[in-house]
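# Close look at the chain arrangement
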Amino acid sequence: MRPHFLSFALLLAACTETNPRSPPTDRFVFPSGLVHRVPSGSTNGVLYVASANFDRCYDQGTLMAVDLDQVRGSGGESLPALGAPGAPVSTTPLKLEQLNVPEASRVLIQSYAGEMAVWDRTDGTSRIFIPARADGDFLHSIDALEPTLLTCVGAPESRNCIDGALSLTNVPWRQGDAEARGDLPRAPAPFGVDVTSEGQVWVTHVDPADSPARSLNNFLSYVVRLDAETPTLSRESFVPLETSGQAIGGSHSVDATGRYTVVSGRFSNQVLNNTGRRFLLRLLDTQNGNRIIDPGLDLAYAARDARGFALTPASATRPRRLYLAVRSPDSLVVMDAQGLDTDTPSLRLVDSLPMPDGPTQVALVPRGEGRSELVVVSCSAAGVVAIYDPDVGQVVSQIAVSEVPREQVSQPFGIAVQQQGNAARLFVSNFGDGRVSVIDLPDLSSPQLARLVAHLGARQDAQGSSTCQEVQQ
């Protein structure tokens, strides 16, 4: 049986203690979203890791800024530089359990964190955005004033970033608003996030909103838009993703880098769609009154729902592609993307490839002009990361992210990419075992040589590592 990745059934295993339960400061707990940056003077960079605290063993989750030059193993081992001659070549990955994260590099966030996005400001600082699905349905905004110095936007004196977060369901402006329809608009269970270079934040939510709340009636799904510099919400922030006759569902990931904001659709068992169709992919035309376009992917490919995706940049020499991870059947869907800067965009199915169980997130590794990007897919149920090479038309590598091949408990999820010349390093959050896997591609011309070189952090499922281990099921 497949593990139920991100299943709300884990709520039943939550601890019942009433004493304060501060999250650990020396390891991750159900890591989810990742962002990697290489600041000036750094060798390996800084990895920002959100801990989702999904079994609710602790009161909250965390965001940690991990200086990768400072992580160590029990014998003093360190992470080698990408492409360094001393990079490990053995089949045994390094165990770098000592994260050495100081207090200023940790902040508290709400539990059930999803994806993560970063906005690089003109003053050289960065602002990180993290949606979280637990109580309050918050969007956190966190400043990295220095590479590893984190402060909460809206509450700079606090280490608890809920103090300055925005709730996407408890919106105060709706109280007494005659134009609001019942409990709408709201965005329960926020999950995906993207931010444009111009400073627009876009957020998805996996549960469609019903009205009245908890009635399971009158569902609507939105994508939420707000300003990165001054994050606030208004009624206009909630852009509906439905038009007449289209299927309703939740949404997973979002890409807002162009004229069209692209959103993938996630199946919701709360909604009975009378149209007989699935919400797999939608386009929002930001230059034409927020016009919604459904390219009809569900009519060409009968998948149950969609998860993460990646859109290649425009190129004068190669067709633009959109790579979408779908479930049931577990596949990578390849689409030809045309006209994404015009009034008549086109997304056409050109291929589909079987994936290991549970394809979840998708990332691209550029290889220079004239060569297709490598497509990296985290496959949570199979416990592997798959690499698809469009130039040869097949999956060329499957890397197990645990010492035990195809160990399902690892559940790889988020992906961050570090690139240097013709080499790349992948950071993958192991949602199930509590670590971050480090995968090196020493030669992008030979992606089949990709190998697992290290684990960051201690296993959360090891004996004695979790205060709630005795009640987990």
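Up top is the structure these notes are about.
All values reported here derive from a predicted model rather than from experimental measurement. (Residues numbered from 1 in each chain as written. Predicted model: local features only at pLDDT ≥ 70, side-chain atom pairs only at ≥ 80, totals over all residues. Heavy atoms only, no water.)

## Looking at the nonpolar core
In this structure, Leu 322, Leu 324 and Met 335 are the most contacted members of the largest nonpolar core, which totals 20 residues. Secondary-structure elements contributing two or more residues to this core are strand E16 (260-266), strand E17 (281-285), strand E19 (305-311), strand E20 (321-327) and strand E21 (331-338). Contact partners of Leu 324, with chain neighbours within four places excluded, come to Ser 264, Leu 280, Leu 281, Leu 297, Ala 306, Arg 307, Gly 308, Phe 309, Ser 331, Leu 332, Val 333 and Met 335. (Core = buried A, V, L, I, M, F, W, Y, C linked by side-chain atoms within 4.5 Å. Buried < 20%, exposed > 50% of the residue type's maximum accessible area, 1.4 Å probe, protein only. Helix = DSSP H or I, 4+ residues; strand = E, 2+ residues; numbered from the N terminus. Contact = heavy atoms within 4.5 Å.)

## Points about the sheet that holds E21
The strand order across the open sheet formed by 4 strands is E19-E20-E21-E22, and the pairing between neighbours is antiparallel. The open sheet is flanked by E19 and strand E22 (346-354), the only strands paired with a single partner. Across the sheet, the axes of successive neighbouring strands diverge by a mean angle of 25 degrees, strand direction being ignored. With 6 bridges joining them, E20 and E21 adopt antiparallel strand pairing. (Pairing = 2+ DSSP bridges. Axes fitted to C-alpha atoms, helices over the stretch in contact; angles between N-to-C directions.)

## Quick notes on the side chain of Asp 137
Examined against the element boundaries, Asp 137 turns out to sit in the loop between strand E7 (126-131) and strand E8 (138-146). Within the buried set, Asp 137 has no salt-bridge partner at all; the shortest N-O distance to an opposite charge, 6.7 Å, is to Arg 186. Once residues within four sequence positions are removed from consideration, Asp 137 is found in contact with Ala 132, Leu 166, Ser 167, Leu 168, Thr 169, Ala 187, Pro 188, Ala 189 and Pro 190. (Lys, Arg positive; Asp, Glu negative; His and termini not counted. Salt bridge = Lys/Arg side-chain N within 4 Å of Asp/Glu carboxyl O.)

## Here we look at the pairing of E21
For E21, the buried fraction is high: 7 of the 8 residues fall into the buried class. As paired strands, E21 and E22 are joined by 8 bridges and run antiparallel to one another. Bridge pairing in E22 places Gln 338 opposite Ser 346.

## Some points on the packing of aromatic side chains
Scanning all chains against the criterion turns up 6 aromatic pairs. Measuring from centroid to centroid gives 5.9 Å for Tyr 222 and Phe 238, while their planes differ by 85 degrees, and the two rings are edge-to-face. Taken together, the positions of Tyr 222 in strand E13 (residues 222-227) and Phe 238 in strand E14 (residues 238-240) put the pair 16 residues apart, joining distant regions of the chain. Like Tyr 222, the residue Phe 238 is buried in the burial classification. Between Tyr 323 and Tyr 388, the aromatic rings sit 6.2 Å apart at their centres with planes inclined by 65 degrees, giving edge-to-face as the arrangement. Here Tyr 323 is found in strand E20, whereas its partner Tyr 388 is found in strand E25 (residues 384-389), with 65 residues between them in sequence. Tyr 388 shares its class with Tyr 323; the two are buried. Taken together, the ring pairs in this structure connect Phe 30, Phe 54, Tyr 112 and Phe 431 into an aromatic cluster. When the ring centre of Phe 191 is taken as reference, the NZ or CZ atom of Arg 266 above it lies at 5.4 Å. (Phe/Tyr/Trp six-rings, centres within 6.5 Å; stacked < 30°, edge-to-face > 60°. Lys NZ or Arg CZ within 6 Å of the ring centre and 35° of its normal.)

Taken by themselves, the reported measurements are silent on function.
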